[in-house]
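Here are the chains, one letter per residue:
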Amino acid sequence: MKKSIGAKTIVHPTPVFVVGTYDKDRKPNVMTAAWGGICCSVPPCVAVSLREATYSYQNILDNNAFTISIPSEEYVKEADYFGITSGSDVDKFQATGLTPIKSETVDAPYIDEFPFVLECKLIDTVKIGLHTQFIGEIKDIKVDESLLDDEPLIEKINPIIYSTDNLSYYGVGKFLGKAFSIGKKF
């Protein structure tokens, strides 16, 4: 039997996205966001939802662009720091020693040390209560060359996932089967 726990922000897995923007002075900034995911296949789009109170919110609107850098497990402390510190108060790149790289495709920076990056042009916004969903068309994806071989990217990237119910970070679990295939065996 299932028990009702009420309406909450719980879904598994939840990604750890590090959103990159430039502020009005062209200072690179990043923030960690967990409310997001792929939202369209054609054109390829990703959505991320931010509160208006965040420093990155206005940066996205001003530049019509953002990046999403996917951190590996080894950068969990930095990813958490990016989510608990405001870019209006501190230079997050200087504090962590990570390297901002100017995207060649959109007007936003990404993190050089993170292995997987989405470069996005803002195409729409949707106000949803406390958050606004920013929908970005993925204009390019950057992947560390060392990760491009026959192994699945997810196993090489070792992305961080976030558990909203216990406010904790986890790694990715074991392989279970091929999509669009394993279900054919009934």
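Conventions used here
- Residues numbered from 1 in each chain as written.
- Predicted model: local features only at pLDDT ≥ 70, side-chain atom pairs only at ≥ 80, totals over all residues.
- Heavy atoms only, no water.
- Buried < 20%, exposed > 50% of the residue type's maximum accessible area, 1.4 Å probe, protein only.
- Helix = DSSP H or I, 4+ residues; strand = E, 2+ residues; numbered from the N terminus.
- Arc of directions from axis to C-beta.
- Contact = heavy atoms within 4.5 Å.
- Pairing = 2+ DSSP bridges.
- Phe/Tyr/Trp six-rings, centres within 6.5 Å; stacked < 30°, edge-to-face > 60°.
- Lys NZ or Arg CZ within 6 Å of the ring centre and 35° of its normal.
- Polar contact = N/O pair within 3.5 Å; in protein donor to acceptor, adjacent residues only side chain to side chain.
- Axes fitted to C-alpha atoms, helices over the stretch in contact; angles between N-to-C directions.
- Core = buried A, V, L, I, M, F, W, Y, C linked by side-chain atoms within 4.5 Å.

*Asks:* Whenever I open this one, helix H2 (residues 76-84) confuses me. Can you help?
*Replies:* Residue pairs spaced three or four apart in an α-helix point in one direction, given the helix's 3.6 residues per turn. For H2, the complete set of buried residues consists of Glu 78, Ala 79 and Phe 82. Along H2, the residues classed as buried sweep out an arc of 100 degrees about the axis, all on the same side. The exposed set on the far side of H2, more than 90 degrees from its buried face, consists of Lys 77 and Ile 84. In this fold, the buried residues of H2 make contact with strand E2 (17-22), strand E3 (28-33), helix H3 (92-96) and strand E8 (109-111).

*Asks:* Would you mind showing me how to read the sheet that holds strand E11 (residues 161-163) here?
*Replies:* Within a sheet, neighbouring strands are paired by backbone hydrogen bonds and run either parallel or antiparallel to one another. Read across the open sheet, the three strands follow the order E1-E11-E12; overall the sheet is antiparallel. The sheet terminates laterally at strand E1 (14-15) and strand E12 (168-170), the two strands that pair on one side only. Bridge analysis of E1 against E11 gives two bridges, and the strand direction is antiparallel. Counted as the bridge partner of Thr 14 is Tyr 162 from E11.

*Asks:* I would appreciate a short explanation of the packing of aromatic side chains in the present structure.
*Replies:* The relation between two aromatic rings is expressed through the spacing of the ring centres and the mutual angle of the planes. Evaluated as defined, the whole model comprises four aromatic pairs. Ring plane angle 45 degrees and centroid distance 5.1 Å describe the contact between Tyr 75 and Phe 114, whose orientation is recorded as tilted. Here Tyr 75 is found in the loop between strand E6 (65-70) and H2, whereas its partner Phe 114 is found in the loop between E8 and strand E9 (116-128), with 39 residues between them in sequence. Each member of the pair, Tyr 75 as well as Phe 114, is classed as buried. The ring of Tyr 22 carries Arg 26 above its face, with NZ or CZ at 4.4 Å from the centroid.

*Asks:* Please explain the side chain of Thr 14 as it appears in this structure.
*Replies:* You can see Thr 14 is positioned in strand E1. Classification of Thr 14 by relative accessible area gives buried; the value is 2%. Looking at Thr 14, its side chain comes within polar contact range of the main-chain oxygen of Val 11, at 2.8 Å. Not counting residues up to four positions away in its chain, the partners in contact with Thr 14 are Ala 34, Trp 35, Ile 161, Tyr 162 and Thr 164.

*Asks:* Would you take a moment to explain the environment of Gly 87 for this structure?
*Replies:* Among the secondary structure elements, Gly 87 is positioned in the loop between H2 and H3. When the C-alpha positions of Gly 87 and Thr 54 are compared, they lie 8.7 Å apart, and in sequence the two are 33 residues distant. Dropping the residues within four chain positions of it, Gly 87 is found in contact with Lys 27, Asn 29, Tyr 55 and Lys 92.

*Asks:* Looking at this structure, I do not really get the pairing of E3. What am I missing?
*Replies:* Looking along a regular strand, one sees the side chains alternate between the two faces of the sheet. The buried fraction of E3 is high, at five of six residues. Connecting E2 to the antiparallel partner E3 that follows it, the hairpin turn spans five residues, and Arg 26 within it adopts a positive phi of roughly 70 degrees.

*Asks:* Please clarify how the sheet that holds strand E4 (residues 36-40) should be interpreted in this entry.
*Replies:* The seven strands lie next to each other as E3-E2-E6-E9-E10-E5-E4, forming an open sheet whose pairing is antiparallel. Across the chains shown, the open sheet's two edge strands, defined by having one partner strand only, are E3 and E4. Between one strand and the next, the sheet's axes are offset by a mean angle of 35 degrees, whatever the strand orientation. Summarising the sheet, E6 and E9 pair through six bridges and their orientation is antiparallel. Bridge pairing in E9 places Ala 65 opposite Lys 121. Each of E2, E3, strand E5 (45-51), E6, E9 and strand E10 (131-143) touches helix H1 (residues 55-63); the most contacted strand, E2, lies at about 55 degrees to it.

*Asks:* What exactly am I supposed to notice about the nonpolar core here?
*Replies:* Generally speaking, soluble globular proteins have nonpolar side chains that are buried together. Ranked by size, the top nonpolar core spans 20 residues in total, and within it Val 46, Val 48, Leu 50, Phe 66 and Phe 134 carry the most contacts. For this core, the elements supplying multiple residues, two or more each, are E2, E3, E5, H1, E6, E9 and E10. Of all the elements, E9 adds the most residues to this core, at four residues. Setting aside residues up to four positions removed in sequence, Val 46 forms contacts with Phe 17, Gly 37, Ile 38, Cys 39, Phe 66, Ile 68, Leu 118, Cys 120, Phe 134, Ile 135, Gly 136 and Ile 138. Core analysis: the next-biggest nonpolar cluster, separate from the first, contains 13 residues, Val 16, Val 30, Ala 34 and Ile 160 among them.

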